[in-house]
Amino acid sequence: MILMKFGGSSLADPERIRAVGRIVRARMKDRPVVVVSAFRGVTDALLQAAQDALRGDLRGLVPLKRRHLESARALKAPASLVEGLFSELEGLLRGVSLLKELTPRTLDRAASFGERLSARLVAAHFIRQGLKARAVDAFDAGLLTDDRFGGANPLPRADRAIRRHLGRARFLPVLTGFIGKTASGDITTLGRNGSDYSATIFGAALGAREVQIWSDTDGVMTADPRLVPDARPIAELSFSEASELAYYGGKVLHPHTLLPAVRKGIPIRVLNTFKPDHPGTAILAERSAAEPGARSISFKKRQRIVSVSSPRMVLGAGFLGRIFGAFGRHDVAVDMVSTSEVTVSASVGAPRGLAAAISELKGEFRVRVEEGRSVICIVGDGIGSTPGVAGTIFEALREAKVNVEMISQGASEINIAFVVRDADCPRAVRALHRSLFS
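Residues numbered from 1 in each chain as written. Predicted model: local features only at pLDDT ≥ 70, side-chain atom pairs only at ≥ 80, totals over all residues. Heavy atoms only, no water.

1. Structural notes on the environment of G249
Move 1: Tracing the sequence through the fold places G249 in the loop between α9 (239–247) and α10 (258–264).
Move 2: Considered as a pair, G249 and F299 are 50 residues apart in the sequence and their alpha carbons are 5.1 Å apart.
Move 3: Those residues in contact with G249, other than ones at most four positions away along the chain, are S298, F299 and K300. (Helix = DSSP H or I, 4+ residues; strand = E, 2+ residues; numbered from the N terminus. Contact = heavy atoms within 4.5 Å.)

2. Focus: the sheet that holds strand β7 (residues 187–189)
Move 1: Strand order in this open sheet of three strands is β4-β6-β7, and the pairing throughout is mixed. Unpaired on one side and paired on the other, β4 (144–145) and β7 mark the two borders of the sheet.
Move 2: Pairing between β4 and strand β6 (residues 179–182): two bridges, direction parallel. Directly across from L144, in β6, lies its bridge partner K181. (Pairing = 2+ DSSP bridges.)

3. Description of the nonpolar core
Move 1: Among the nonpolar cores identified, the biggest contains 53 residues, and L3, L166, L175, F202 and I283 are the most heavily contacted of them.
Move 2: Among the elements that make up this core, the one with the highest residue count is helix α8 (residues 195–206) (seven residues).
Move 3: Not counting chain neighbours up to four residues away, the residues in contact with F202 comprise L3, V35, A138, A141, L143, I162, L166 and L175.
Move 4: Formed by 46 residues, the second largest nonpolar core is a distinct cluster that contains L64, A110, A119 and L172. (Core = buried A, V, L, I, M, F, W, Y, C linked by side-chain atoms within 4.5 Å. Buried < 20%, exposed > 50% of the residue type's maximum accessible area, 1.4 Å probe, protein only.)

4. Some details on the side chain of D108
Move 1: Within the element layout of this structure, D108 appears in helix α5 (residues 104–111).
Move 2: We note that D108 is buried and unpaired, the nearest opposite charge coming from R352 at a distance of 8.6 Å.
Move 3: Those residues in contact with D108, other than ones at most four positions away along the chain, are F149, G150, I187, T188 and T189. (Lys, Arg positive; Asp, Glu negative; His and termini not counted. Salt bridge = Lys/Arg side-chain N within 4 Å of Asp/Glu carboxyl O.)

5. What about α8?
Move 1: Helix length check: α8, at 12 residues, gives a terminal C-alpha distance of 16 Å against a target of 16 Å (1.5 Å per residue), a fit within 8%.
Move 2: In terms of residue burial, α8 counts as a mostly covered element, since 12 of its 12 residues are buried.
Move 3: Buried within α8 are the following residues: S195, D196, Y197, S198, A199, T200, I201, F202, G203, A204, A205 and L206.
Move 4: Positive phi appears at G207, one or two residues downstream of α8, with a value of about 70 degrees. (Expected span 1.5 Å × (residues − 1).)

6. Considerations on the pattern of salt bridges
Move 1: The tally for this structure, following the rule as stated, stands at 30 salt bridges.
Move 2: Across the salt bridge formed by E15 and R18, the nearest N and O atoms sit 3.4 Å from each other. In this pair, E15 and R18 are both assigned in helix α1 (residues 14–25), three residues apart and thus about one turn of the helix distant.
Move 3: Note on E15: relative accessible area 39%, which makes it partly exposed.
Move 4: Residue class for R18 comes out partly exposed when judged on its relative accessible area of 28%.
Move 5: In this structure, the salt-bridge partner of R116 is E88, at a minimum N-O distance of 3.4 Å. You can see R116 sitting in helix α6 (residues 113–128) and its partner E88 sitting in helix α4 (residues 80–99), a full 28 residues away along the chain.
Move 6: Residue R116 is classed as buried on the basis of its relative accessible area, which comes to 6%.

7. Here's the deal with the sheet that holds strand β9 (residues 236–238)
Move 1: Pairing in this open sheet of eight strands is mixed, and the strands run β3-β5-β2-β1-β8-β10-β11-β9 from one edge to the other. Edge positions in the sheet fall to β3 (133–136) and β9, since each of these pairs with one other strand and no more. Across the sheet, the mean angle separating the axes of adjacent strands is 20 degrees when strand polarity is ignored.
Move 2: Judged from the four bridges that link them, β3 and strand β5 (residues 172–176) form a sheet pairing that is parallel. Looking at the pairing, R134 lines up with P173 of β5. (Axes fitted to C-alpha atoms, helices over the stretch in contact; angles between N-to-C directions.)

Below you can see the structure in the form of structure tokens.
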């Protein structure tokens, strides 16, 4: 059995859905289970519609409903598949408008409609093509999660529940990515781009031979091709390399995607729906030819550098515990850390909880926050111990006139990461790619 996940770019319009149908039909001998994202751009539109409803404006649903009805007509699917869900969504947003309240729980429920609509229309098309398909909401297939709305994780008993629901399915399941449900019945989302995570959760639970992530690129690339046009696909990556790329902003994989696959040792293959015969990128426990050196460059923009300092830190004990304890209590995720005698600097992405953490820290420390920063990461097995790599990296940045504000090397043998200003990030990535891969 294989798990096939199709992203929003693969489901952008009826023609792309027909292409997905052809890809799935050609692999029916492998007993596929399909996971789908919302149509391209729909999740953002749903979240914006919810925010608009908070201000009393419900017009955002009109183009969304029209788009899905037009897709249903083009695919010869029943309009009722769309109309029923939009009636439910309209009722939800009308309540937001009347109560003037939009909670994380309500946002997750609103965002869930993209995948629920997509799964029904994709399954309907498969059925018209003679496949014995059925749309199944992930939570009806056993995906139980905690109640961390906006970034939920599966409960330990989810694997068993998934096997109970799908282990002996005699149909082609078309599952909703991105969403789950708490034990108390509230719909949750797994974080932005969480359909990849859904795919490996289901793949691990069902013992898939391979999890396939179908997108609009030829696999994992040496850099983001939108920034570096001559970026090229990578034939193989190790789980460790792919994890670092995802964590530091790689566009192809969600950061949590690899966890279930690593746990069960299931290979992941990243493929292109526009070139279904391209071999893509295989992500394996270990690469077959693990020569050291740079493999890819990833980056995260719009980061913040939080610097915490106090003269009392010199030769003192317990300061790091108090600093990171404050971050932990307020759910602030830290990417990189650099220390000196009197200062600890950390890169932080999402602002959630940051203001509260800073307020707590200011009771004991001086705190400075610098916004508009990018974390750039070069990844490759053995890169930290390969002579000359660091010199090549920083010489390329010097020639590109890019100032490095913070560096991290040594915590991992497979990455070198540093911080630059957002405005310098594109120039830095292009310069690094020329030096490392040309």
